[in-house]
Amino acid sequence: MRELTSKIAGSGRGLRILGVGLAVLAAWFLVTGRWEWALAIGVGALLGWAMMEPTRIVWAVFVVAFAVPVTIDFGYPTNPSYTLLLVLFILVCWGRLLRAERDGWQRPMVVGALLLPACAVLAGIVHWHGAKPVVVGVAPLLCFGVLGWHLIEEARRDPWTISRVAEALTWFSVAVAVFAKYQTLSRTWPIFDQLAYDWTYTSAFDNTRAVGLSGHPIIYGTFAMAMALVALTLRGRFWYVPFTANLVGLVLSGTRSAWVGMILALATWLFLRWRKVSWRGLGSAVAVAAIAYAVVAVSPSFLAPATPTPATSEAAAAPTPAAADPAPAASAPSSGAAAPAAGAAAPSPAASVPSPAASVPSPAASVPSPAVSVPSSAAPAPTSAAPAPGTVDAVDVAGSRFSDPASADARFTRISVVWDGITRDWSTVVFGNGPEANVRYLEHVGIGDGQAQVFDNTYLTFWYNYGLIGLACLLSLLVVLFRYLRSVAARVLLVGFAAQVFFFDVWLWLGAMAVLLLAVALGAADHPSLSARPLGALVPRPWRPRTSEPTPEENGVPSGVR
């Protein structure tokens, strides 16, 4: 395998010819107006370049996870979340194959990657509903397990690369925060308003909140929270710039779950670093908070576009019919697509995305299957109620998020529904109801409160599907990571992530799960035992009789020292 890749990498002339050919082909597609094929060629060429070196795969994982929104369907063969996860899964599997010749297959990493998928398979066997739900339920867990394995291996091999990736992401987030500020000033979501496959992923849904590059304010809030924490803990050059910018983005997103995660993560950081707290640091914190408040509050009129007329607002807010009608995705769950609501309008497939006061489902849940799709006329995009540019104060919008009780009421309702399903009998308590059980419930029964057709709690959803065994494994995995990874950056990210996912289902939001992956990578890069020796050294090897005297290097004496 390594010889093959070396030959490919060494054939510079062949690669140049291939690159020129792909460039000509992409240009021809652009000239003929088939931009999607030109984009596919460009992305494929970049991924092919990344596959030639495992270190490049690390960059590709985080760029795809944080920069490619799953709320836009670029013509993927299946649901965007599953498509991007499959691409990353192929990349990291290839990276592990490239490293396998030297590192071997590390048993601790393999067991860790397969722990949660094994729980899903067990639940699927106990409550059998066919092979398809098992495959759909296991696939994301397996993908994320292998992604974490690859990132740990690469982090302990090259910690500097992980630090560079994390710092580059914090500066990338500054540009995203500027874009988020423009979104709240203009009350539009450029790109998403034109390309989103459902109107609930456009500014017609709630144009008072920013979405950055994620397409949904909750996922952007997760990203802003993570980047602020990374900037604070890594303390790169001019770290206060990305830290302040992401505080601004966090407020503009209006994501209360991310606010809670941020507060708990900061409390953890203060607890771990309390001996280094100083008056100078407190003064800096006050200055950063004041600047962030000023940036949130400022609304320069010359940056906001003219107030559109109702006709132009409707045209800009609602996506075209082709974009609003997602491609059929047989493997994607469609929670809430057919959920009845007595006495109220049934939510459309897009209604799996909550109202502004509620939280967010997995993106796959908003893609209906062909059998349960609802005409788009069932959920027309509101236009008259959408605030015009400059008519809403960002500080007032953020403050109103604290006083809105609708989200809390919806979550209490869902906790009651989920608990009834969990405690149906002893087998559902221990083994759960099986993979994709939440999707089956929301499709055929539903929650008749007019809110999002999701459970909005990663832990309860996991218990509902995979039982107490699965929940115990999930919590144990988070606790072991927090205890074993001593990096301050990793720990505060883990606390923020673990707190936030209590308020929404995370598994098919790639941009949110990437926060956990980044925490694992930073922790592995900063762990002395992992960076000092291969992971294979942690596993006992069978005793073999020696046929010769040990060399000085085997006795721990560096070469050149005798």
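Placed above this text is the structure.
Residues numbered from 1 in each chain as written. Predicted model: local features only at pLDDT ≥ 70, side-chain atom pairs only at ≥ 80, totals over all residues. Heavy atoms only, no water.

S.K.: Break down helix α17 (residues 406-422) for me, citing the residues and quoting the values.
M.R.: The first and last C-alpha atoms of α17 sit 24 Å apart over 17 residues, in line with the 24 Å expected at 1.5 Å per residue. By the burial criterion, the buried members of α17 are Ser407, Ala410, Arg411, Arg414, Val417, Val418, Gly421 and Ile422. The buried residues of α17 occupy an angular sector of 135 degrees when projected down its axis, which confines them to one face. The outward face of α17, more than 90 degrees from its buried face, is lined by the exposed residues Phe412 and Asp420. The secondary structure elements touched by the buried residues of α17 are α12 (256-272), α18 (426-431), α19 (437-444) and α20 (458-484). (Helix = DSSP H or I, 4+ residues; strand = E, 2+ residues; numbered from the N terminus. Expected span 1.5 Å × (residues − 1). Buried < 20%, exposed > 50% of the residue type's maximum accessible area, 1.4 Å probe, protein only. Arc of directions from axis to C-beta. Contact = heavy atoms within 4.5 Å.)

S.K.: Got a sec to walk through the layout of surface pockets? Specific residues and values, please.
M.R.: Approximately 930 Å³ is the volume attributed to the second largest pocket. Surrounding the second largest pocket, 33 residues form its lining, Val43, Leu47, Val68, Tyr76 and Leu84 being those nearest its centre. Breaking the lining of the second largest pocket down by element, the ones donating at least two residues are α3 (35-50), α4 (54-67), α5 (80-103) and α9 (192-195). The element that contributes the greatest number of residues to the lining of the second largest pocket is α3, accounting for 11 residues. Classifying every residue of the lining of the second largest pocket gives 27 nonpolar, four polar and two charged. (1 Å grid on protein atoms, 1.4 Å probe; cavity = no way out; pocket = protein on both sides within 12 Å on 5 of 7 lines; lining within 4 Å. Points joined across faces, edges and corners; volume = space filled by probe spheres on them. Nonpolar A, V, L, I, M, F, W, Y, C, P; charged D, E, K, R; others polar.)

S.K.: Which residues make up the packing of aromatic side chains, and what values go with them?
M.R.: Two descriptors summarise a pair of aromatic rings, namely the distance from one centre to the other and the angle between the planes of the rings. Overall, the coordinates contain 19 aromatic pairs when judged by the stated rule. When the centroid spacing of 6.4 Å and the interplanar angle of 35 degrees are considered together, the rings of Tyr220 and Phe223 count as tilted. Separated by three residues within a single helix, Tyr220 and Phe223 lie in helix α10 (residues 217-234), roughly one turn from each other. By relative accessible area, which is 1% here, Tyr220 ends up buried. Between the aromatic rings of Trp239 and Phe243, the centroid separation amounts to 5.9 Å while the plane-to-plane angle is 55 degrees, which identifies the pairing as tilted. Ring pairing ties together the aromatic residues Phe62, Phe66, Phe172, Tyr220 and Phe223, which thus form one cluster. Over the aromatic face of Trp239 sits the side chain of Arg235, whose NZ or CZ is 4.3 Å from the ring centroid. One Lys or Arg, Arg491, reaches over the ring of Phe482 and ends 4.7 Å from the middle of that ring. (Phe/Tyr/Trp six-rings, centres within 6.5 Å; stacked < 30°, edge-to-face > 60°. Lys NZ or Arg CZ within 6 Å of the ring centre and 35° of its normal.)

S.K.: Go over the packing of helix α21 (residues 488-500) against helix α22 (residues 510-525), please, and point to the residues and values.
M.R.: Orientation of α21 relative to α22, taken along the N-to-C sense of each, is 155 degrees, at an axis distance of 8 Å. The orientation of α21 relative to α22 falls into the category roughly antiparallel. The two elements α21 and α22 cross, and the hand of that crossing is left-handed. Contacts from Ala489, Ala490, Leu493, Leu494 and Phe497 of α21 reach α22 at Ala512, Met513, Val515, Leu516, Leu518, Ala519, Leu522 and Gly523. Of the residues belonging to the contact of α21 with α22, the class tally is 12 nonpolar, one polar and no charged. (Axes fitted to C-alpha atoms, helices over the stretch in contact; angles between N-to-C directions. Parallel < 35°, antiparallel > 145°, perpendicular 65-115°, else oblique. Left-handed = near helix turned anticlockwise from the far one by under 90°.)

S.K.: Describe a nonpolar patch on the surface, with residues and values.
M.R.: On the surface, Leu39, Val43, Phe74, Ile191 and Leu195 cluster together into a nonpolar patch covering about 380 Å² of accessible area. Its place among the elements puts Leu195 in helix α9. According to the relative accessible area criterion, Leu195 is partly exposed, its value standing at 34%. (Patch = residues over 30% accessible without salt bridge, like charges linked within 9 Å, V, L, I, M, F, W, Y side chains within 5 Å. Areas by Shrake-Rupley, 256 points an atom, 1.4 Å probe, with all protein chains shown as cover. Salt bridge = Lys/Arg side-chain N within 4 Å of Asp/Glu carboxyl O.)

S.K.: I'd like a description of the pattern of salt bridges, backed by residues and values.
M.R.: Tallied over the entire structure, the rule returns three salt bridges. For the salt bridge of Glu153 with Arg96, the shortest nitrogen-to-oxygen distance reads 3.9 Å. On the criterion of sequence distance, the pair formed by Glu153 in helix α7 (residues 131-157) and Arg96 in helix α5 is long-range, its members being 57 residues apart. A relative accessible area of 1% places Glu153 in the buried class. Among the salt bridges present, the one from Glu154 reaches Arg96, with a minimum N-O distance of 2.9 Å. Pair noted here: Glu154 is in helix α7 and Arg96 is in helix α5, with a separation of 58 residues, a long-range link.

S.K.: Just give me the short version of the side chain of Asn465, but keep the residues and values in it.
M.R.: Along the polypeptide, Asn465 turns up in helix α20. Other than its neighbours up to four places away in sequence, Asn465 contacts Ala123, Phe431, Gly432, Asn433, Gly434, Pro435, Glu436, Ala437 and Asn438.

S.K.: Any details on the packing of α10 against α22? Residues and values, ideally.
M.R.: Direction vectors running N to C along α10 and α22 enclose 20 degrees, while the axes themselves pass 8 Å from each other. Here α22 runs roughly parallel to α10, going by the angle between their axes. Handedness of the α10/α22 crossing: left-handed. Taken together, the residues of α22 that come into contact with α10 (itself represented by Ile219, Thr222, Ala226, Met227, Val230 and Leu234) are Gly511, Ala512, Val515, Leu518 and Leu522. Residues of the contact of α10 with α22, tallied by class, amount to nine nonpolar, two polar and no charged.

S.K.: Account for empty space enclosed by the protein, naming residues and giving values.
M.R.: All chains considered together, the criterion is met by five cavities of 30 Å³ or more. In this structure, the second largest cavity spans a volume of roughly 170 Å³. Ala65, Phe66, Ser214, Ile219 and Gly511 are the residues nearest the centre of the second largest cavity, which is lined by 16 residues in total. Its residues assigned to classes, the lining of the second largest cavity shows 14 nonpolar, two polar and no charged.

S.K.: Pulling in residues and values, what's your account of the side chain of Arg156?
M.R.: Relative to the helices and strands, Arg156 is located in helix α7. One polar contact links Arg156 to Glu153, side chain to side chain, over a distance of 2.8 Å. (Polar contact = N/O pair within 3.5 Å; in protein donor to acceptor, adjacent residues only side chain to side chain.)

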